Structure formats: C-alpha cells, structure tokens
Amino acid sequence: DAKTTQPPSMDCAEGRAANLPCNHSTISGNEYVYWYRQIHSQGPQYIIHGLKNNETNEMASLIITEDRKSSTLILPHATLRDTAVYYCILTGGTSYGKLTFGQGTILTVHP
Amino acid sequence: GAVVSQHPSRVICKSGTSVKIECRSLDFQATTMFWYRQFPKQSLMLMATSNEGSKATYEQGVEKDKFLINHASLTLSTLTVTSAHPEDSSFYICSARVPLGGSTDTQYFGPGTRLTVL
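Predicted model only: the values in this text are computed from it and were never measured.

Asks: When you look at the state of the cysteines in this model, what are you seeing that I'm missing?
Replies: Linking two cysteines covalently through their sulfur atoms gives a disulfide. Tallied over the entire structure, the rule returns 2 disulfides over all chains. Paired by a disulfide, Cys22 of chain A and Cys88 of chain A hold their sulfur atoms 2.1 Å apart. Between Cys22 of chain A and Cys88 of chain A the sulfur-sulfur dihedral comes to about -85°; the bridge is accordingly left-handed. Of this pair, Cys22 of chain A sits in strand β2 (residues 18–23) while Cys88 of chain A sits in strand β8 (residues 84–91); the two residues are 66 residues apart in sequence, bridging distant segments of the chain. Summarising the burial analysis for this pair, Cys22 of chain A and Cys88 of chain A share the class buried. Through a disulfide, Cys23 of chain B is tied to Cys94 of chain B; the S-S separation comes to 2.0 Å. When the S-S torsion is 80°, as for the bridge of Cys23 of chain B with Cys94 of chain B, the disulfide is right-handed. You can see Cys23 of chain B sitting in strand β3 (residues 19–25) and its partner Cys94 of chain B sitting in strand β9 (residues 90–99), a full 71 residues away along the chain.

Asks: Just checking my understanding: could you explain the packing of aromatic side chains for this structure?
Replies: To describe a pair of aromatic rings, one takes the distance between the centres and the angle between the planes. Under the defined criterion, the tally for this structure stands at 11 aromatic pairs over all chains. Their ring planes at 85° and their centres at 5.0 Å tell us that Tyr87 of chain A and Phe101 of chain A sit as a pair that is edge-to-face. Of this pair, Tyr87 of chain A sits in strand β8 while Phe101 of chain A sits in the loop between β8 and β9 (105–110); the two residues are 14 residues apart in sequence, bridging distant segments of the chain. Among the aromatic side chains, those forming a connected cluster through ring pairs are Tyr34, Tyr36, Tyr46, Tyr87 and Phe101 of chain A together with Tyr36, Tyr108 and Phe109 of chain B.

Asks: Is there a simple way to explain the environment of Thr56 of chain A in this structure?
Replies: Residue and element names in this part refer to chain A. Within the fold, Thr56 resides in strand β5 (residues 55–56). Between the C-alpha atoms of Thr56 and Tyr32, which are 24 residues apart in sequence, the distance is 15 Å. In this structure Thr56 touches Ile48 and Ser61, once residues within four positions along its chain are discounted.

Asks: Explain the sheet that holds β5 of chain A to me, please; I cannot follow it from the model alone.
Replies: In any sheet, the strands associate via hydrogen bonds between backbone groups, in a parallel or an antiparallel arrangement. Residue and element names in this part refer to chain A. Read from one edge to the other, the open sheet built from 4 strands follows the order β2-β7-β6-β5, with strand pairing classed as antiparallel. Looking at which strands have only one partner, the edges of the open sheet turn out to be β2 and β5. The pairing of β2 with strand β7 (residues 70–75) spans 6 bridges and is classified as antiparallel. The residue of β7 that forms the bridge with Ala18 is Leu75.

Asks: Explanation requested: the interface of chain B and chain A in the structure shown.
Replies: Frequently, the measure chosen for interface size is the accessible area that the parts lose on association. On the chain A side, the residues contacting the 21 residues of chain B number 21 residues. For the pair chain B and chain A, the two sides together bury roughly 1700 Å², of which 49% comes from carbon and sulfur. Applying the counting criterion to the chain B and chain A interface returns 1 salt bridge. Of the charged contacts in the structure, one is a salt bridge between Lys98 of chain A and Glu59 of chain B, with a shortest N-O distance of 2.8 Å. If you list the elements that add at least two residues to the side of chain B that touches chain A, you get β4 (32–38), β9 and β10 (105–109) of chain B. Per-element accounting of the side of chain B that touches chain A gives the leading share, 5 residues, to β10 of chain B.

Asks: What should I look at first to understand the pairing of strand β3 (residues 32–38) of chain A in this one?
Replies: A regular strand places its side chains so that they alternate between the two faces of the sheet. Residues and elements named next belong to chain A. Across the 7 residues that make up β3, a large majority, 7, are buried. Of the two faces of β3, the one lined by Tyr32, Tyr34, Tyr36 and Gln38 and the one lined by Val33, Trp35 and Arg37 are each fully buried. Two elements, β3 and β8, share 7 bridges in a ladder whose sense is antiparallel. Along β8, the bridge assignment pairs Trp35 with Cys88. Relative to strand β4 (residues 45–50), β3 runs antiparallel, the two sharing 5 bridges. Bridging across to β4, Trp35 finds its partner in Ile48. Linking β3 back to β4 in an antiparallel pair, the connection comprises 6 residues, with Ser41 at a positive phi of about 65°.

Asks: What should I look at first to understand the side chain of Gln38 of chain A in this one?
Replies: Mapped onto the secondary structure, Gln38 of chain A falls in strand β3. With a relative accessible area of 7%, Gln38 of chain A lands in the buried category. Only 2.8 Å separates the side chain of Gln38 of chain A from the side chain of Gln38 of chain B, close enough to count as a polar contact. Leaving out residues up to four positions away in the same chain, Gln38 of chain A has contacts with Gly43, Pro44, Ala84, Val85 and Tyr87 of chain A together with Gln38, Leu44, Phe91 and Ile93 of chain B.

Rules used in this analysis
- Sequence positions are assigned chain by chain, starting from 1 and proceeding in written order.
- Lettering for chains starts from A, numbering for ligands starts from 1, and both go in the order in which the items are written.
- Only residues with pLDDT of at least 70 are given local features in this predicted model, and only at 80 or more are side-chain atom pairs given and counted; all residues enter the totals for whole chains, interfaces and linings.
- Excluding hydrogens and water, the side-chain figures rest on all heavy atoms present in the structure.
- Disulfide: a pair of cysteine sulfur atoms within 2.5 Å of each other.
- Strands here are runs of E lasting at least two residues and helices are runs of H or I lasting at least four, both read from the DSSP assignment and numbered beginning at the N terminus.
- Throughout this description, buried means an accessible area under 20% of the type-specific maximum (1.4 Å probe, protein chains only), exposed means over 50%, and partly exposed covers the range between.
- Here a pair means two rings of Phe, Tyr or Trp (six-membered ring of Trp) with centres within 6.5 Å. Their orientation is stacked below 30 degrees between planes, edge-to-face above 60, and tilted elsewhere.
- Residue contacts are defined here by distance: any two heavy atoms, one from each residue, within 4.5 Å place the two residues in contact.
- Here, a strand pair is defined by DSSP locating no fewer than two bridges between the strands.
- Take the accessible area each of two parts loses on contact, using a 1.4 Å probe, and add the two losses: that sum is the buried area.
- For this document, the term salt bridge refers to a Lys or Arg side-chain nitrogen within 4 Å of an Asp or Glu carboxyl oxygen.
- Polar contacts, as used here, are pairs of N or O atoms within 3.5 Å; protein pairs need one atom able to donate a hydrogen and one able to accept it. Residues neighboring in sequence count only if both atoms are side-chain atoms.

Okay, here's the thing in structure tokens:
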C-alpha cells in the first residue's frame, strides 16, 4: 500500500502556481520524498526529490514541513502541458530502490 | 535527466504467442531496471526487479514463467510475455535506476509499450 495521501484531483489556471499537497505522516527518518508525474499514455517523468530541506530545480519546488509529515510540490507557472497525474512517493531506507505508486493527483490546468 | 527507451511502443499479437519488449538505458549504465504494468485507469504496479547478470526478482502474484526477464547487459533488459492472453493486454513500462549515493536513487522511466492481445 502507498504510504502517502494525495487529493484525487486539482484544478489550476494557466500561468498560476499549482500547489500539490502530499501527506506522509508515517515517513521514517531515512526515507526520501519523490515526485513523479505521468502524462496520458506516457511513462512517468521524474520531477524532484528531497529528504528534509526544501528543494528547487528547473521544473518545480518541493517544500517539506519541519516534521516531515507532509510536503507540497509547487509548479510556479503552470502551463497546459503540466496537465498530468502527479505521484508523491516515499523511497529509500528499507524501501530502497522500490517505488510504490498510489493513485496520485490528477492536475488539470485550464486556459 | 537520463534517457530510457522502449521498443516497440505498440504491439498487437494473437492469443498464445509470445512478445518481447526491450528496455534500454541510452546514456548511462543501469545495473538495475524495473518492470511495471498499468491497466486502464489504474496506477503503476511493480512486476519485477531486473538485475544485470542475475535472476530477476518478481513481486508477489507475478508469474515468473509467464513474464521472462533477461538483463544481459548494463544497458538492456528484456521482458518476454509468453503465451499471451487477452488479460495480459496492458501498458508495460520499464525504468532504470541511477544511484545517487547514500540511501536513495532515482528511477528514470521509458515511454511504455502498449500490448494488445487479440
């Protein structure tokens, strides 16, 4: 079973920031938070990951709460091409090397 | 990021035949690759872990004699669906692991193979 909880769907206006939440209250100390997304009929795409510090790359920012029990993926300026299913996954530690995909969040970006 | 390819992207076969799907890491060497399956409107399910030079490790409920995995080189893993039946119709996706050191790594995924068994 997935160890994360995400809202099933979210909407966002094009050009606005998309903030996707993820709860992982049972995260262990050596588990990382990973975000992937899957555009329809394609393989998942790696977005970003973090352990406890906030992270930013060319695609997104990842904000992890101090207690590490939740995180937020931020797409700063969403475009129509960001419409996809977004997966928040814990891995590392005892689950090293394995990704368990939950149902994710369907993000729909509207014009 | 690292690039992973799959071939073919689509395949249609008759019931009872075997189908081979290739997964290649194009710009890096991957000692470990993974095979997933995704049915319509469902999430990805891990089928097996493919280790270069050794036997694959299958997840519970996945028939190893039906889904043959070979990882003969550091850039190629193959999945053969033997004696395919309509219920094997699915989207098959591979990934390759890029170690980052410490207790984590990142998996990069191929584009997937759509298998339809008639």
